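In case you want the letters, here they are:
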Amino acid sequence: MQEQVRSPKKTLAKNRNAKGLCKITVANLSKNILITGLPGSGKTTLIQKLADELREYGPVGFYTGEIRSQNTRKGFKLMSLDGRKTGVLSHVDIRGPHRVGKYGVDLDGFERFLGTLPLLDPSSRLVIIDEIGRMECLSVKFRDLVASLLNVPAPVIATIALKAGGFIDEVKHRGDVHLCEIAGRNRNALLPDIAGLVRSLIEGER
């Protein structure tokens, strides 16, 4: 199935309000909700709260967190939503050709981790991903997985890098996604808004 890519300006104008933040209603809701924002804006925290708020639907997916040593960030770890699967996405000590800044990216380990998650299982009712970022998108397997997930019936909530090109921009500019920019003034409101709309989507499938 070919992905529909619309004009970036038209798509973003439709999916944001005048302040550049998220404005979604049941009437205009697509099943794919992307959360973006500056580093440290609270994207991962919001994802974790959404996973907890929507736990009755058994969400599947993962989130990323920092690996720290002596108050210094050394890399990023992977954690499944149920806490049963873990992995390392990147670390300053990883050597190899796949790098983002000072971090070496363990693509093989990342793809093995993805293989342990039932992301494309037909029984999965909700998929949550943190994040569609530069490190993750070095993996062709991950990019293909994201493209597939955006096309299946289950709702997808994902964080996505604010500033990036290539595949990340293609995803943000699809006609079937809603892009929400997280900021201090809307962070608390996004949790009940997104949770309520996802419930409407899932309950409407019954």
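Residues numbered from 1 in each chain as written. Predicted model: local features only at pLDDT ≥ 70, side-chain atom pairs only at ≥ 80, totals over all residues. Heavy atoms only, no water.

### Looking at the pairing of strand 1 (residues 32-36)
Counting buried residues along strand 1, five of its five residues qualify, which places the element largely inside the surrounding structure. Across the two faces of strand 1 the burial is the same, with N32, L34 and T36 and I33 and I35 all buried. Looking at chain direction, strand 1 and strand 8 (residues 156-160) are connected through four bridges and run parallel. Within the sheet, the bridge partner assigned to L34 lies in strand 8 and is A158. (Buried < 20%, exposed > 50% of the residue type's maximum accessible area, 1.4 Å probe, protein only. Helix = DSSP H or I, 4+ residues; strand = E, 2+ residues; numbered from the N terminus. Pairing = 2+ DSSP bridges.)

### Focus: the pattern of salt bridges
Scanning the entire structure with this criterion turns up six salt bridges. D52 is the salt-bridge partner of R55, the closest N and O atoms lying 3.4 Å from each other. On the accessibility criterion, R55 (56% relative accessible area) is exposed. For D52, a relative accessible area of 44% puts it in the partly exposed group. A single network of salt bridges, built from pairs that share partners, joins E53, E56 and R199. (Salt bridge = Lys/Arg side-chain N within 4 Å of Asp/Glu carboxyl O.)

### Focus: the confidence of the model for the protein chain
Averaged over all residues, the pLDDT of the protein chain is 87; the fraction at 70 or higher stands at 85%. Counted against residues more than four places away or in other chains, residues 1-20, with its pLDDT under 50, gives 33 contacts. (pLDDT = per-residue confidence, 0-100. Contact = heavy atoms within 4.5 Å.)

### Quick notes on the packing of aromatic side chains
Both the distance between ring centres and the angle between the ring planes are used here to describe each pair of aromatic rings. Counted by the stated rule, this structure contains five aromatic pairs. Ring plane angle 65° and centroid distance 6.5 Å describe the contact between F62 and F142, whose orientation is recorded as edge-to-face. One end of the pair, F62, is in strand 2 (residues 60-69); the other, F142, is in helix 4 (residues 140-149), and 80 residues separate them in sequence. A relative accessible area of 0% means that F62 is categorised as buried. Aromatic pair F110 and F142: ring centres 5.4 Å apart, planes at 50°, arrangement tilted. (Phe/Tyr/Trp six-rings, centres within 6.5 Å; stacked < 30°, edge-to-face > 60°.)

### Examining helix 3 (residues 107-115)
Every buried residue of helix 3 is accounted for by L107, G109, F110, F113 and L114. Buried residues of helix 3 fall within an arc of 165° about the axis and therefore sit on the same side. Facing away from the buried side of helix 3 by over 90 degrees, the exposed positions are D108, R112 and G115. (Arc of directions from axis to C-beta.)

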